[in-house]
Amino acid sequence: MKSFIYIIRRFKTANVLNLLGLTVAFACFYVFMTQVQFTQQYNKGLYEHENLYRLQVKGIFMLSNNDAWSTYFTRPMAESLFDYPQVENVFVYSADHGPCHIVKDEGQIKTNLTRILPGSMKALHPKILDGTLEMNTDQDIILTASIARTCFNSTQAVGKPLKLDSELEGTVVGGIEDFPENCMISNGVFTGLGEGNKNDLSNWNYRCLVRLHSQSTAGEVEANIKKLFLKLRESQYEYIPQDEREDLRKKANAVRFKL
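The structure displayed is predicted, hence computed values, not measured ones. One numbering rule holds for all chains: residues counted from 1, following each sequence as written. Reporting in this predicted model follows two pLDDT cut-offs: at least 70 for local features of residues, and 80 or more for side-chain atom pairs to be given and counted; totals over whole chains, interfaces and linings ignore these cut-offs and use all residues. Excluded from the side-chain calculation are hydrogens and water; included are all heavy atoms of the structure.

Engineer: How should the nonpolar core be read in this particular structure?
Structural biologist: One broad trend across soluble globular proteins is that nonpolar side chains are buried collectively. We define a nonpolar core as any set of buried Ala, Val, Leu, Ile, Met, Phe, Trp, Tyr and Cys residues linked to one another through side-chain atoms lying within 4.5 Å. A simple rule labels every residue: compare its accessible area, found with a 1.4 Å probe on the protein chains alone, to the largest value its type can have, and call it buried under 20%, exposed over 50%, or partly exposed in between. With 30 residues, the main nonpolar core has Phe73, Met77 and Ile225 as its most contacted residues. Only DSSP runs of H or I covering at least 4 residues are called helices, and only runs of E covering at least 2 are called strands; the numbering of each starts at the N terminus. Counting only elements with at least two residues in this core, the list comes to helix H3 (75–80), strand E4 (87–94), strand E12 (206–212) and helix H5 (218–234). Top contributing element to this core by residue count: H5, with 5 residues. Counting residues in each nonpolar core, the second largest holds 19 residues, with Val173, Phe179, Cys183 and Ile185 among its members.

And the structure:
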């Protein structure tokens, strides 16, 4: 022990540097492992995440990076997934979701706005704190707990009016528990999609999460989506010259889908 104390006193600078080095090393290790844990747990806080899949498509956008998988989808194709017996539910939302402000007399409150297909919130199985998950009109709003508390000092906000700076005004019909921070669903305000692009097969501006009854049916669902895509594409060839149709069919056959 005396020798140890002597070394510390004799080589103060070296020992201070060693101590600082160890401190930095432990700090870096902690930050690194925190990020690793965050990544490994991403989306795993969602209800029965094992049966929840993100729908992706490859080859639909004729861009320079055509080999990349995309999460964009058309609304009519997304809505058709509800008819598949292998599918329990589908969460369909607009890809242009993002920051917005809730307008109050005392100022504005920053939050996130996500436009969803009415009824599709059930696919995520959030814990309902107040009201319902049903959205019967374009003015119906669902709030997550954190923003409800910020706006109304309570998670019990059903029946209260809400105005957004996007000029959307509505009434709260449901309140749900916050989704985990490390998942792809943003907490905040959820409103309906309205009737926009309901039958538009050319607008790839929607995303969807598909909840299956069983993981074993994922491949079957992917194949069915491809068949539906080819069928819908074929219906668009009516006014296209015959000599151009084969090239379009070839490009359509090259498109791939996966969950």
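Engineer: I tried to follow the packing of aromatic side chains on my own but got confused; where do I start?
Structural biologist: Each aromatic ring pair is summarised here by two numbers: the centre-to-centre distance and the angle between the ring planes. Each Phe, Tyr or Trp ring (for Trp, its six-membered ring) is paired with any other whose centre lies within 6.5 Å, and the angle between the two planes then decides the class: stacked below 30 degrees, edge-to-face above 60, tilted in between. For the structure shown, the criterion picks out 6 aromatic pairs. Ring centres 5.9 Å apart and planes at 85° place the aromatic pair Phe73 and Phe257 in the edge-to-face group. Of this pair, Phe73 sits in the loop between strand E3 (69–70) and H3 while Phe257 sits in strand E13 (residues 256–258), placing them 184 residues apart in sequence. An identical accessibility class is assigned to Phe73 and Phe257; each is buried. Seen from their ring centres, Phe229 and Phe257 are 5.3 Å apart, and the 65° between their planes marks the pair as edge-to-face. Of this pair, Phe229 sits in helix H5 while Phe257 sits in strand E13, placing them 28 residues apart in sequence. Judged by relative accessible area, Phe229 falls into the buried class, the value being 2%. Among the residues examined, Phe257 registers a relative accessible area of 8% and is labelled buried.

Engineer: Got a minute to help me understand the pattern of salt bridges in this structure?
Structural biologist: Side chains bearing opposite charge may pair, as long as their charged atoms lie close to each other. Basic side-chain nitrogens of Lys or Arg form a salt bridge, by our definition, when they fall within 4 Å of a carboxyl oxygen of Asp or Glu. The tally for this structure, following the rule as stated, stands at 6 salt bridges. With its nearest N and O atoms 2.6 Å apart, the salt bridge here joins Arg75 to Glu79. Placement of both Arg75 and Glu79 in helix H3 is noted, with a separation of 4 residues, approximately one turn of the helix. Take Arg75: its relative accessible area is 2%, and that puts it in the buried class. Its salt-bridge partner being Arg249, residue Glu246 comes within 2.6 Å of it at the nearest N-O pair. Taken together, the positions of Glu246 and Arg249, both in helix H6 (residues 242–254) and 3 residues apart, correspond to about one turn of that helix. In the salt-bridge network here, residues are joined through shared partners; they are Arg75, Glu79 and Lys198.

Engineer: Teacher, can you tell me more about the pairing of strand E11 (residues 189–192) here?
Structural biologist: Looking along a regular strand, one sees the side chains alternate between the two faces of the sheet. Of the two faces of E11, the one lined by Val189 and Thr191 and the one lined by Phe190 and Gly192 are each fully buried. The sheet contact formed by strand E6 (residues 107–116) and E11 spans 4 bridges and is parallel. Bridge pairing links Thr114 to Phe190 in E11. We call two strands paired when DSSP finds no fewer than two bridges between them. As paired elements, strand E8 (residues 140–144) and E11 share 3 bridges and run antiparallel to each other. Looking across to E11, one finds that Leu143 is bridged to Val189.

Engineer: Explain the sheet that holds strand E2 (residues 56–58) here, please?
Structural biologist: The strands making up a sheet associate through backbone hydrogen bonding, with each pair oriented either parallel or antiparallel. Ordered by their spatial adjacency, 3 strands build an open sheet running E3-E2-E13, and the pairing between neighbours is antiparallel. Of all strands in the sheet, those with a lone pairing partner are E3 and E13, marking the two edges. Pairing analysis gives 3 bridges linking E2 to E13, with the strands arranged antiparallel. Looking at E13, one finds that Val57 is bridged to Phe257.

Keep in mind that these numbers describe shape and distance, not what the molecule does.
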